[in-house]
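Topology and contacts: notes
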Amino acid sequence: MALKFPVYPPSRYGGGTEPVKRPKEFACFSYDKDHKFRLDDSSLKWYYPPDLGVDLSRGSDTFIQHDDSIDEHLDSLLKTIKAYEEQTGEPIDAHVVTWRGMLTKIMAAPFDDEAFEMNATLYRGCIFIEEHHGFKEQKRQMENSRTGQRILPSLMQYWGYKFETLSTLPRPWAETSRDYIENRDQEVVNNKEQYCSVVRTGFGKSIVCLGGEVDAIWDAKPATPGDPINWVELKTSAEIRNHNDQFKFDRKLMRYWIQSFLLGVPKIIVGFRTQDGILSRVEEFRTMSIPHEVQRRGLAKWDGNVCIRFTSLFLDWLRRSIDDEGVWRIRRRQKSDFIELFKVEEVGHGSIITDEFMNWRIKL
Ligand code: A3P
Ligand code: MG
Ligand code: MG
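What comes next concerns the included structure.

1. Notes on the overall build of the chain
Along the backbone of the chain there are nine helices and 16 strands. Scaling as 2.2 N^0.38, a compact globule of 364 residues should have a C-alpha radius of gyration of about 21 Å, and the chain matches this with 21 Å. The 364 residues of the chain split such that 50% are buried. Counted over contacts in the chain with a minimum sequence separation of 6, partners at least 24 positions apart contribute 72%. Accessible surface for the chain amounts to roughly 17600 Å². Of this, 50% is attributable to carbon and sulfur atoms. Side chains of the chain give 52 positive and 56 negative charges; the mean places of these two sets differ by 4 Å.

Here you go:
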């Protein structure tokens, strides 16, 4: 029997505000150019404005693309948490551990009809949540066959990564040659490389540990750990030509806002492009101001406070419901009025928690 948590109507979650914590980074890790895990910030990038008028399609034939058909579970996040716990000598105090992407789906649910599936397991008082990878793959194949797209990268996806390469430096500006800055258009685009921030944050009574990629930093990390970091999120979007484009963009801003809110990214830089992928202008958005800005225009109807309150109550419910070992499925069918929760494995933790992490926790 599945337990159900209502999603609609969003007005259910209106009215009040929930206490939220400011996300604080307490650890980080990188994937290098071969997507090899490194317990450091070596893949951090610095923002430096791109040249305009560049063709975002350029170099798509040499794109080095990460194969995301392989299920990476929570492995890198758990490695990073383990290393942190080795330092402090105690387990982290989170009630929930997951990737930022999972919480993005939850937060967006009241205003979005997207289907999703996740696996969750309770281990030593904490719920670990991963994406149900098989479902994601299935969904992607269905979408590909419907739109007739190849499984290979669509050009539009390349544009997103190309924009990142055009807007960042692998070292701070002062240590970067003019030659590099002027020739970023010739750099090979590689999305295997990533910097991931691991933060402690909170929704209502739930303490949440999230891992997620950040695209770049504006200046430098602050000297005091836990101080806000001037992260930059990079996005590309089609130029806004009319009312309908603005509506679509304001809907997209919800995802941008949620994604950045969750890791405490204060600034989003959008590279606007023509229909055929020429970078025409960049615009900076303050994450904090986005919900109000969208509400003021009144086109797309979403409410950031509802997203927060919904997530907070959902996490309360999840923590009350997952009270036993085994693997649980969190599922939302497309356009469904509720999120379902049911057990898929009676015992153990599936592949959500690595042996390495469990062996470490046993020692602790
Ligand atoms: P854009 O966001 O500019 O389209 P992120 O913005 O999260 O840093 O991701 C960088 C790029 O990865 C995106 O650039 C897009 O090209 C690709 N991408 C991210 N999420 C995606 C998704 N769910 N489906 C397809 N492409 C995605
Ligand atoms: Mg990114
Ligand atoms: Mg980005």
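The structure having been displayed, the exposition proceeds.
2. Looking at the side chain of Ser260
By the secondary structure assignment, Ser260 is in helix α6 (residues 243-263). The contact partners of Ser260, leaving out residues within four places of it in the chain, are Glu233, Val265, Ile268 and Thr287.

3. Points about the pattern of salt bridges
Here the structure, examined in full by the defined rule, presents 32 salt bridges. For the salt bridge of Lys82 with Glu86, the shortest nitrogen-to-oxygen distance reads 3.1 Å. With a gap of four residues between them, Lys82 and Glu86 both fall in helix α1 (residues 75-88), about one helical turn apart. Residue classification places Lys82 among the buried residues on the basis of a relative accessible area of 16%. On the accessibility criterion, Glu86 (44% relative accessible area) is partly exposed. The residue Lys105 makes a salt bridge to Glu131 at a minimum N-O spacing of 3.8 Å. Taken together, the residues span a long stretch of sequence, with Lys105 in helix α2 (residues 100-108) and Glu131 in strand β7 (residues 126-131) at a distance of 26 residues. Lys105 gets classed as buried once you look at its relative accessible area, which sits at 16%. Within this structure, Lys105, Asp112, Glu114, Glu131, Lys136, Lys139 and Arg255 form a network of salt bridges that share partners.

4. What about the pairing of strand β15 (residues 327-332)?
Along a regular strand, successive side chains alternate from one face of the sheet to the other. Judged by how many residues are buried, β15 sits mostly within the fold: six of six residues are covered. Burial along β15 is two-sided: Val327, Arg329 and Arg331 and Trp328, Ile330 and Arg332, pointing in opposite directions, are all buried. Where β15 and strand β16 (residues 338-345) come together, five bridges link them in antiparallel fashion. Each residue of the ladder has a partner; that of Trp328, found in β16, is Lys343.

5. Observations regarding the coordination of the magnesium ion (ligand 3)
The magnesium ion (ligand 3) binds to the protein through Asp215 (OD), Glu233 (OE) and Leu234 (O); the donor distances cover 2.1 to 2.2 Å. Positions of the donor residues of the magnesium ion (ligand 3) along the chain correspond to the pattern D-x17-E-L. The metal-metal distance between the magnesium ion (ligand 3) and the magnesium ion (ligand 2) is 3.5 Å, with Asp215 coordinating both. Here Glu233 matches Leu234 in class, with each residue buried.

6. So, the environment of Ser177
You can see Ser177 is positioned in the loop between β8 (168-169) and α5 (178-182). Among the polar contacts made by the side chain of Ser177, one reaches the main-chain amide nitrogen of Tyr180 at a distance of 3.0 Å.

7. Description of the site of ligand 1
Lining the immediate environment of ligand 1, one finds Gln157, Gly160, Tyr161, Glu164, Asp215, Glu233, Leu234, Lys235, Thr236 and Gln259. The contact in question runs from an oxygen atom of ligand 1 to an N or O atom on the side chain of Lys235, over 2.6 Å. In the model, an oxygen atom of ligand 1 is placed 2.6 Å from a nitrogen or oxygen of the Thr236 main chain. When contributions to the shell around ligand 1 are tallied by element, the ones reaching two or more residues are α4 (155-167) and β12 (231-238). Tallied by class, residues from the shell around ligand 1 come to two nonpolar, four polar and four charged.

Reading guide: rules and limits
Residues numbered from 1 in each chain as written. Chains lettered and ligands numbered in written order. Predicted model: local features only at pLDDT ≥ 70, side-chain atom pairs only at ≥ 80, totals over all residues. Heavy atoms only, no water. Helix = DSSP H or I, 4+ residues; strand = E, 2+ residues; numbered from the N terminus. Rg over C-alpha atoms; globule rule 2.2 N^0.38 Å. Buried < 20%, exposed > 50% of the residue type's maximum accessible area, 1.4 Å probe, protein only. Contact = heavy atoms within 4.5 Å. Areas by Shrake-Rupley, 256 points an atom, 1.4 Å probe, with all protein chains shown as cover. Lys, Arg positive; Asp, Glu negative; His and termini not counted. Charge placed at Lys NZ, Arg CZ, Asp CG, Glu CD. Salt bridge = Lys/Arg side-chain N within 4 Å of Asp/Glu carboxyl O. Pairing = 2+ DSSP bridges. Donors = N, O, S within 2.8 Å, 3.2 Å for Na, K, Ca; no water. Polar contact = N/O pair within 3.5 Å; in protein donor to acceptor, adjacent residues only side chain to side chain. Near = heavy atom within 4 Å. Nonpolar A, V, L, I, M, F, W, Y, C, P; charged D, E, K, R; others polar.

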